[in-house]
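Chain by chain, the residues:
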Number of protein chains: 2
Amino acid sequence: MSASPPMAPDRAIRVPLPSPFALMAGGRLVGAEVAMETYGRLNPARDNALLLFTGLSASAHAASHPSDPSNGWWEAMIGPGKALDTEQFFVISVNSLGSCFGSTGPGSIDPTTGQPYGDRFPELRIEDIARASQAAVDALGIEQLAGVIGMSLGGMTALAHAACFPGRARSLVSISGAVAATASAIATRSLQREIVGTALRSGAGPEAVNQAMRLARKIGVMSYVGSELLEKRFGREQSEPYAGRGSGTDFEVENWLDHLATKFARQFEPWSYWALSRAMDLFDFGRVGDTSQDPSNPPQVAKTLQLARALIIGVKEDLLFPVAQQQAIATLLTTAGITTDYIELSSPSGHDAFLTEAGLFTPVLSQFLNSLAHPTPTLNEARSAICA
Amino acid sequence: MSASPPMAPDRAIRVPLPSPFALMAGGRLVGAEVAMETYGRLNPARDNALLLFTGLSASAHAASHPSDPSNGWWEAMIGPGKALDTEQFFVISVNSLGSCFGSTGPGSIDPTTGQPYGDRFPELRIEDIARASQAAVDALGIEQLAGVIGMSLGGMTALAHAACFPGRARSLVSISGAVAATASAIATRSLQREIVGTALRSGAGPEAVNQAMRLARKIGVMSYVGSELLEKRFGREQSEPYAGRGSGTDFEVENWLDHLATKFARQFEPWSYWALSRAMDLFDFGRVGDTSQDPSNPPQVAKTLQLARALIIGVKEDLLFPVAQQQAIATLLTTAGITTDYIELSSPSGHDAFLTEAGLFTPVLSQFLNSLAHPTPTLNEARSAICA
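Worth saying up front: this structure is predicted, and the values here are computed from it rather than measured.

### A closer look at unusual backbone geometry
Residues and elements named next belong to chain A.
In step 1: Here the amide bond leading from Ser19 into Pro20 is cis, since omega sits at -5°, within 30 degrees of zero.
In step 2: Along the polypeptide, Pro20 turns up in the loop between strand E1 (13–16) and strand E2 (21–22).
In step 3: For Arg46, which is not glycine, the phi torsion reads 55° and is therefore positive.
In step 4: Here Arg46 lies in the loop between strand E4 (33–39) and strand E5 (49–53).

### Remarks on the interface of chain B and chain A
When the parts of a complex come together, some accessible area is lost, and that lost area is often used as the size of the interface.
In step 1: If you look at the interface, chain B gives 54 residues, while chain A gives 54 residues.
In step 2: Overall, the association of chain B and chain A removes approximately 4,400 Å² of surface from exposure, summing both partners, and the carbon and sulfur fraction of that is 53%.
In step 3: Glu194 of chain B serves as the salt-bridge partner of Lys218 of chain A, at 2.6 Å between the closest nitrogen and oxygen.
In step 4: Put simply, the parts of the chain that give the side of chain B that touches chain A at least two residues each are helix H3 (183–202), helix H4 (206–224), helix H5 (227–233), helix H6 (252–267) and helix H7 (270–282) of chain B.
In step 5: In terms of residue count, the dominant contributor to the side of chain B that touches chain A is H3 of chain B (11 residues).
In step 6: Here the residues of the side of chain B that touches chain A are counted per class, giving 23 nonpolar, 14 polar and 17 charged.

### A word on the side chain of Thr340 of chain B
Residues and elements named next belong to chain B.
In step 1: Position of Thr340 relative to the elements: it lies in strand E14 (residues 339–345).
In step 2: Reaching out from Thr340, the side chain makes a polar contact with the backbone oxygen of Ile338 at a distance of 2.9 Å.
In step 3: Ignoring sequence-local partners within four residues, the contact set of Thr340 consists of Ala310, Ile312, Ala330, Leu333 and Thr334.

### Section: the sheet that holds E14 of chain B
All names here are of chain B.
In step 1: Pairing in this open sheet of eight strands is mixed, and the strands run E1-E4-E8-E5-E11-E12-E13-E14 from one edge to the other. Where the open sheet ends on each side, the last strands, each with one partner, are strand E1 (13–16) and E14. When strand polarity is set aside, the average angle formed by the axes of neighbouring strands in this sheet is 20°.
In step 2: Direction of pairing for strand E11 (residues 147–151) relative to strand E12 (residues 171–175): parallel, over a ladder of four bridges.

### Comments concerning the packing of helix H3 (residues 183–202) of chain A against helix H7 (residues 270–282) of chain A
Residues and elements named next belong to chain A.
In step 1: Orientation of H3 relative to H7, taken along the N-to-C sense of each, is 150°, at an axis distance of 10 Å. Of the possible angle classes, the one that applies to H3 and H7 is roughly antiparallel. Crossing handedness for the pair H3 and H7: left-handed. Listed contacts from H7 to Ala185, Ile186, Arg189, Ser190, Gln192, Arg193, Val196, Gly197, Leu200 and Arg201 of H3 are Pro270, Trp271, Tyr273, Trp274, Ser277, Arg278, Met280 and Asp281.
In step 2: Of the residues in the contact of H3 with H7, the class split is nine nonpolar, four polar and five charged.

### As for the confidence of the model for chain A
Residues and elements named next belong to chain A.
In step 1: When pLDDT is averaged across chain A, the result is 90; 91% of the residues are at 70 or more.
In step 2: Long-range and interchain partners of residues 241–247, a stretch whose pLDDT sits below 50, account for 27 contacts in this model, where long-range means more than four residues apart.
In step 3: Low confidence marks residues 374–385, where pLDDT is under 50. Its contacts with residues over four positions away, or in another chain, come to 28 contacts.
In step 4: Complex prediction metrics read pTM 0.89 and ipTM 0.86.

### Some details on the packing of helix H4 (residues 206–224) of chain A against H3 of chain B
In step 1: One can describe the packing of H4 of chain A onto H3 of chain B by two numbers: an axis separation of 11 Å at closest approach and a directional angle of 165°. In terms of orientation, H4 of chain A lies roughly antiparallel with respect to H3 of chain B. As for the relative orientation of H4 of chain A and H3 of chain B, their crossing is left-handed in sense. From H4 of chain A, Gln211, Arg214, Leu215, Lys218, Ile219 and Met222 of chain A reach across to H3 of chain B, where they touch Ala187, Thr188, Leu191, Glu194, Ile195 and Thr198 of chain B.
In step 2: Split by residue class, the contact of H4 of chain A with H3 of chain B holds six nonpolar, three polar and three charged.

### Looking at the pairing of E5 of chain A
Residue and element names in this part refer to chain A.
In step 1: The element E5 is extensively covered by neighbouring structure, given that five of its five residues are classed as buried.
In step 2: Of the two faces of E5, the one carrying Ala49, Leu51 and Phe53 and the one carrying Leu50 and Leu52 are both buried.
In step 3: Relative to strand E11 (residues 147–151), E5 runs parallel, the two sharing four bridges. Bridge pairing in E11 places Leu51 opposite Val148.

### Considerations on helix H1 (residues 126–139) of chain B
All names here are of chain B.
In step 1: The first and last C-alpha atoms of H1 sit 20 Å apart over 14 residues, in line with the 20 Å expected at 1.5 Å per residue.
In step 2: Within H1, 11 of the 14 residues are buried, which leaves the element mostly enclosed by the surrounding structure.
In step 3: All buried positions along H1 are accounted for by Ile126, Glu127, Asp128, Ile129, Ala130, Ala132, Ser133, Gln134, Ala135, Ala136 and Val137.
In step 4: Phi turns positive one or two residues past the end of H1, at Gly141, with a value near 70°.

### What to know about the domain arrangement of chain A
Residues and elements named next belong to chain A.
In step 1: For chain A, the assigned domains read domain 1 (13–181 + 284–370) and domain 2 (185–279).
In step 2: In this assembly, 27 residues from domain 1 lie in contact with 24 residues from domain 2.
In step 3: Interface area, domain 1 with domain 2, both sides summed: about 2,100 Å², of which 68% is carbon and sulfur.
In step 4: Between the two partners, domain 1 and domain 2, sit one salt bridge.
In step 5: For Arg278, the salt bridge identified is with Glu123, shortest N-O distance 3.7 Å.
In step 6: Summed over the shared surface of domain 1 and domain 2, the result is three residue pairs in polar contact (both at pLDDT 80 or more).
In step 7: In terms of residue class, the side of domain 1 that touches domain 2 is made up of 13 nonpolar, nine polar and five charged.

### Overview of the sheet that holds strand E8 (residues 90–94) of chain A
Residue and element names in this part refer to chain A.
In step 1: Sheet architecture is open: eight strands sit in the order E1-E4-E8-E5-E11-E12-E13-E14, paired in mixed fashion. The open sheet has two edge strands, E1 and strand E14 (339–345), and neither has a second partner. Here the average twist between neighbouring strands, direction ignored, is 20°.
In step 2: Along the sheet, helix H2 (residues 153–164) contacts E5, E11 and strand E12 (171–175); its crossing angle with E11, the most-contacted strand, is approximately 150°.

About the cut-offs
- Residues numbered from 1 in each chain as written.
- Chains lettered and ligands numbered in written order.
- Predicted model: local features only at pLDDT ≥ 70, side-chain atom pairs only at ≥ 80, totals over all residues.
- Heavy atoms only, no water.
- Helix = DSSP H or I, 4+ residues; strand = E, 2+ residues; numbered from the N terminus.
- Contact = heavy atoms within 4.5 Å.
- Buried area = accessible area lost by both parts, 1.4 Å probe.
- Salt bridge = Lys/Arg side-chain N within 4 Å of Asp/Glu carboxyl O.
- Nonpolar A, V, L, I, M, F, W, Y, C, P; charged D, E, K, R; others polar.
- Polar contact = N/O pair within 3.5 Å; in protein donor to acceptor, adjacent residues only side chain to side chain.
- Pairing = 2+ DSSP bridges.
- Axes fitted to C-alpha atoms, helices over the stretch in contact; angles between N-to-C directions.
- Parallel < 35°, antiparallel > 145°, perpendicular 65-115°, else oblique.
- Left-handed = near helix turned anticlockwise from the far one by under 90°.
- pLDDT = per-residue confidence, 0-100.
- Buried < 20%, exposed > 50% of the residue type's maximum accessible area, 1.4 Å probe, protein only.
- Expected span 1.5 Å × (residues − 1).
- Domains from an automatic or database assignment.

Spelled out as structure tokens, the structure:
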């Protein structure tokens, strides 16, 4: 069992969730909270807020700010004059419910037992992450967001938010997201969960769990970046003579993966990883908020969204969230009458491009966000919410 | 430690290797042998033999024959009137040295200890596999092969054979092979070896090793087949209601991988897997037969080959041995003056296409093999062998 405490950046604000907080699949959390950071200022009309949904492994610390000057994971994109321009927008970044950087998750203490939830954390869905983050927005007294922005898992969360809270955001940006995972992405994440879950359940101790997390991260990195990047960066560069018998140290590419794996395993709560990974596989926009076995009907759900504008960004080299999925989101929203821009970028970083290609993403995001009309968009006709 | 005996098809012929058999990296095997099957008849001139080098996981049982009527792994391709036409050719299939289907490998008993070699099996190289297989050819009294044919690991072995034994084969067919592994392929196999090697060395017992082999196989299958195949075949098809908590059983794609993994783990010796996998990463045609750190010089080695004809086949959807690598082999051979055909096929089976796409491969192989002039090709000028 893992019993590591949530590793929260202490300067993130903790926002209490309504208690008990009912989860979509039936579970309930008592005394739960989410960690939040904000950048820029909420204007008097309270209509300039952008809500940011993160990828699986990120904390709420997306950018530096006076009380935490360390670089955030999207430092290049958030700030005065940057893509998410804090002179214009008030950016809200929330650590996903179920994660381990200050938000309640499997590593948190279950108040009913006094022990970390671990395996007993109730089944988490993407919709729950959207709802917990919206609670933070509610706490700030914001009626309508200028937009929601999410990447990877966060792209799914942005879509879930739009369906769960129609009219609460005027626009949506999805970067390398999905309406539902591909078979290949499911296979990859299932394998990662098998590795981590087996170690956690085996009782083999923290070293085995740490090794499992390292392996899962290596599989993750290899699914994020394109083979072209590995080839250009490492090729067959060797780190020591052939004579060594061990695996894992002959080639520089092995050392690089090892470094990333060690860093990740040190930071991330294993059961959080498991829960968030599974939530991604289970997400299906076509039956958002619905745990029944009803057939998935994405166009039907898309019709309920009340978005004025959407921007869908895909990366050609992304194999985990391939561009065909990005095109599918764009087509779905366009068909539902939402004015949607679709942009395909190219980067050897593949799924990770949003972290490494500020130069590519900045003009695309800037143009879209600058063009957003503030409070009076042409909304789709109002329809009732699906899972609010 | 794994102590499972080699699982040889009993009807394969065992060919003793010269004893001791010196390995390229310095080790020696005493009393080693390779398992061999043959199909068709050697003609009186002894010049109609094709030597087949297999992929990592295959046995010598490539096709059915009177003493073993079960289907072989290339059943659709070997036989009267088939691509490898046994009315015309005498096909020799050898289980790779280091494997576990009758050839000496890590699962075999080390005569110096009376125990299976396991981790103490001397470092294996692709060149050693080529040399052990050539010993089987020698045992049959064949001076010159009509051709060598290999796929995946076997494609590397065919290139190694051509360099180690110039003039001993008139032609070469490489299917989804490589001059040297890409960084991405190295990363994938290194991860598989880390999983299997950790379990083997942990002393955690056969169940942990079996689970490690299952995981490694899943990673393998996911690197062989294209995501398009998984999507078409499985999509998000579910095998049971969402409510289940375990990973690995929600989606049909997970069950399919599980089935393949279980089958493989039951058959394959873990240390054999480790040794063959590593041999693939270490192979470098540009310094074939050379364990020094000399710079790799593929064109220099290509000039020493004495092949009249070559056929290089790649599969567009193969990510593990991408078509860029196939083109590189073809360019290398063409530049060295060898008449080389290059064919790119397309199949959602990706790296596994040679196993599943008999309809695509048959005409390509038939045309090439039928056109081979029997005993009097125009050879490159003779040069001394590099590692014979």
